[in-house]
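The chain contents come next:
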Amino acid sequence: MSRLLLLSEWIERVESRETRVAIIGLGYVGLPLALLFAKAGFQVTGFDIDAAKVAMLNEGRSYIHHIAPEDLAAARSAGFSATTDFARLRECDAVLLCVPTPLNADHTPDMSYIEDTVRALAPHTFVGQLIVLESTTWPGTTTELVLPELERLGPAGLRVMRAAGTLNSADEVDPSAAADLPQPLTGAMLAFSPEREDPGNTTTPRHAVPKVIGGIDRSASAAAAALYATIFDRTVIVSSTEAAEMTKLLENIYRGVNIALVNELKQLCLAMKIDIWEVIDAAATKPFGFQAFYPGPGIGGHCIPVDPFYLSWRARQFDRPTRFIELAGEVNEAMPSFVVQTVERALERAGTALRGASVLLLGIAYKRDVDDLRESPALTIFSLLQQAGAAVSYNDPFFAEVGAGRHYSIQAHSTALERAGEFDCVLLVTDHSAYDIAALVAASKLFVDTRNATRGMTSRKIVRC
Ligand SMILES: NC(=O)c1ccc[n+]([C@@H]2O[C@H](COP(=O)([O-])OP(=O)(O)OC[C@H]3O[C@@H](n4cnc5c(N)ncnc54)[C@H](O)[C@@H]3O)[C@@H](O)[C@H]2O)c1
């Protein structure tokens, strides 16, 4: 266990890769992050409460589709290991928290994962240890929840450093510049740095996504920036943990609101017989002032459907309305019903009632080529079709079966695509790249497309929505 006294020494240790890095929560965010630090030459230990995941990782098996076993093997050769023994956190100089932040049934933030993690971490905290919360959360979490709990449950007398002043530029964090930062380190350092992972994105490498950092004080910002600068091309320091927390929420709310806008316009365009996709592509040729967002069957994943509620919950404490968030949520949440209504009308036109019809839903994951079911609109569509009396099956190359989850209860096995022709309707919800759309259209009696995957195809079987 190291006891670093000077911030400049702390930063020098980062540069010489002596810093030992801990990642708590080895999921979609934590595991890739752990591999990146291992690749950059750090000794990385991953912590998780899920013993099965820990065992798999220590056997070199990846449980996330887009994480290649070779990358995991390389990290293990570089010293990466996983553990459920949280006492080993006292060996780690930097601890990054990547645990879930879901919603409770009443759409309020479920902070239990962060609270449990802080309880597990606090006894092993020491002077000079850097702790960074990466989980998406409401502005104020780091200062109002994490900080007091760390000090309350940590070793007697341990404080989180709160030296006056903030950093505004990553340029200030080289060791020589850090010499005028508050020294020596008299407590633990605490920061917030939002994760901007985009699972399945193969066009923007993770290191190219700038890392936003907000420390409780200048030391924490400088230490965190030095650490992240080893794996990210650019760090962006903001003046507070709250600003960093809010940055992440702004990004995801911006996305949710704009998706809601195009989802609403899609419904209007369908009624007006205008192709919304053509319109978006044309608008996107404007070199300024417009960013393309695309309509779909609803929003899914752990972020866009969840994060806005973290802010609207927090906003109520300030007695401020968040009308854009509420409206966008309303529009996006109504999309699965719109899809089901479209299927019903399409079947009726083909002379079949939805009640008793057989429907094959393609793509149960929330997003193309991702093995993640969380908040997937496909699950809602599946349930709504069943409630309407349809006999629903699904196909998904990533899910051989689907059981009960946090907010759904579906028991089904993936159906072979060769059987597409047996169904009254094939409904494309998530356009995995493994799907041969032309072949599926050819095999189907009726093909409802929520993703514009049939663009350019002409067939009376195709219904776009
Ligand atoms: N998945 C994404 O695309 C994404 C993108 C950006 C931000 N985020 C945010 O990152 C955070 C993590 O999301 P994720 O998708 O990686 O979640 P995840 O469910 O994939 O992984 C979380 C991991 O944490 C573990 N865990 C739960 N409680 C724990 C505890 N007390 N101690 C140690 N480990 C614990 C779980 O077993 C799991 O392995 C969330 O706040 C999320 O909003 C996610």
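In this text, all values refer to a predicted model and were calculated from it rather than measured experimentally.

Rules used in this analysis
- Residues numbered from 1 in each chain as written.
- Predicted model: local features only at pLDDT ≥ 70, side-chain atom pairs only at ≥ 80, totals over all residues.
- Helix = DSSP H or I, 4+ residues; strand = E, 2+ residues; numbered from the N terminus.
- Rg over C-alpha atoms; globule rule 2.2 N^0.38 Å.
- Buried ≥ 20, exposed ≤ 12 C-beta atoms within 10 Å, placed from the backbone.
- Pairing = 2+ DSSP bridges.
- Axes fitted to C-alpha atoms, helices over the stretch in contact; angles between N-to-C directions.
- Right-handed = clockwise from strand over helix to strand, strands pointing away.
- Contact = placed C-beta atoms within 7 Å.
- Near = placed C-beta within 6 Å.
- Nonpolar A, V, L, I, M, F, W, Y, C, P; charged D, E, K, R; others polar.
- Domains from an automatic or database assignment.
- Core = buried A, V, L, I, M, F, W, Y, C linked by C-beta atoms within 7 Å.
- Parallel < 35°, antiparallel > 145°, perpendicular 65-115°, else oblique.
- Left-handed = near helix turned anticlockwise from the far one by under 90°.

Novice: I'd love a proper account of the overall build of the chain, names of residues and values included.
Specialist: Scanning the chain from terminus to terminus reveals 15 helices and 15 strands. Relative to the 2.2 N^0.38 estimate, which gives 23 Å for 465 residues, the radius of gyration of the chain is 24 Å and therefore close to what a compact globule would have. For the chain, the spread of C-alpha atoms along the three principal axes comes to 80 × 45 × 40 Å. Expressed as a percentage of its 465 residues, the buried residues of the chain come to 47%.

Novice: Tell me what's going on with the environment of E326, and back it up with residues and numbers.
Specialist: Among the secondary structure elements, E326 is positioned in helix α12 (residues 323–333). Through-space distance from the C-alpha of E326 to that of L379 is 22 Å; in sequence the pair is 53 residues apart.

Novice: Provide a residue-level description of the sheet that holds strand β10 (residues 391–395), including the pertinent values.
Specialist: Strands sit in the order β10-β9-β13-β14-β15 across an open sheet of five strands; the sheet is parallel. The outermost strands of the open sheet, each flanked by one partner alone, are β10 and β15 (462–464). Put simply, the sheet's adjacent strands are angled 20° from each other on average, direction ignored. Sheet topology places strand β9 (residues 358–362) next to strand β13 (residues 425–428); four bridges connect them, and they run parallel.

Novice: Tell me about the pairing of β10, residues and numbers included.
Specialist: The buried count for β10 comes to four of five residues, which makes it a mostly enclosed element. As paired elements, β9 and β10 share five bridges and run parallel to each other. Looking across to β10, one finds that S358 is bridged to A391. Each parallel crossover has a hand, and the one from β9 via helix α14 (residues 377–387) to β10 is right-handed.

Novice: Any details on the sheet that holds strand β1 (residues 20–24)? Residues and values, ideally.
Specialist: Overall, mixed pairing links the eight strands, which are arranged β3-β2-β1-β4-β5-β6-β7-β8 in an open sheet. Only two strands of the sheet have a single partner each, and these edge strands are β3 (81–83) and β8 (235–238). Averaged over all neighbouring strand pairs, the angle between strand axes comes to 25°, with direction disregarded. When strand β5 (residues 130–133) meets strand β6 (residues 189–192), the two strands line up parallel, connected through four bridges. Directly across from L133, in β6, lies its bridge partner F192. Here helix α8 (residues 218–228) sits on the sheet and contacts β4 (94–97), β5, β6, β7 (211–215) and β8; the angle it forms with β7, its principal contact strand, is near 155°. Strands β6, β7 and β8 of the sheet are contacted by helix α9 (residues 241–272), whose axis makes an angle of about 150° with β7.

Novice: Lay out the site of the ligand in plain terms, naming residues and giving numbers.
Specialist: Around the ligand, the structure places 26 residues, and the nearest of them are G25, G27, Y28, V29 and S135. By residue number, the principal contributor to the shell around the ligand is helix α5 (residues 112–121), which donates three residues. A per-class count over the shell around the ligand returns twelve nonpolar, eight polar and six charged.

Novice: So what about the domain arrangement of the chain? Which residues, and what values?
Specialist: Domain annotation of the chain identifies domain 1 (7–243) and domain 2 (334–464). Distance between the C-alpha centres of domain 1 and domain 2: 39 Å. The interface of domain 1 with domain 2 comprises five residues on the first partner and seven residues on the second. In the side of domain 1 that touches domain 2, the residues fall into three nonpolar, two polar and no charged.

Novice: Please set out the nonpolar core residue by residue, giving values where relevant.
Specialist: With 68 residues, the main nonpolar core has A22, I23, A34, V95, L190, A223 and A224 as its most contacted residues. With eight residues, α8 is the largest single contributor of residues to this core. Grouped together as the second largest cluster of nonpolar side chains are 42 residues, L385, Y394, F399 and L427 included.

Novice: Describe in detail the packing of α9 against helix α10 (residues 276–283), supporting the description with residues and values.
Specialist: Look at α9 against α10: their axes get within 9 Å of each other, and the N-to-C directions meet at 125°. When the axis of α9 is compared with that of α10, the two are oblique. Across the interface between the two elements, V262, L265, K266 and C269 from α9 touch I276, V279 and I280 from α10. Of the residues assigned to the contact of α9 with α10, the class counts are six nonpolar, no polar and one charged.

Novice: Go over α8 with me, naming the residues and quoting the values.
Specialist: The buried count for α8 comes to eleven of eleven residues, which makes it a mostly enclosed element. Within α8, burial applies to R218, S219, A220, S221, A222, A223, A224, A225, A226, L227 and Y228.

Novice: How would you summarise the packing of α9 against helix α11 (residues 307–317) if you had to cite specific residues and measurements?
Specialist: One can describe the packing of α9 onto α11 by two numbers: an axis separation of 8 Å at closest approach and a directional angle of 115°. It follows that α9 is roughly perpendicular to α11 by the angle criterion. Handedness of the crossing formed by α9 with α11: left-handed. Across from L249, N252, I253 and G256 in α9, the residues of α11 making contact are D307, P308, Y310 and L311.

Novice: Quick rundown of the environment of G60? Include the residues and the values.
Specialist: Mapped onto the secondary structure, G60 falls in the loop between α3 (51–58) and α4 (69–77). Under the C-beta neighbour-count criterion, G60 is labelled partly exposed, with 13 such atoms within 10 Å. Put simply, G60 and L362 are 302 residues apart on the chain and 31 Å apart in space, counted from C-alpha to C-alpha. Not counting chain neighbours up to four residues away, the residues in contact with G60 comprise P69, L72, A73 and R76.

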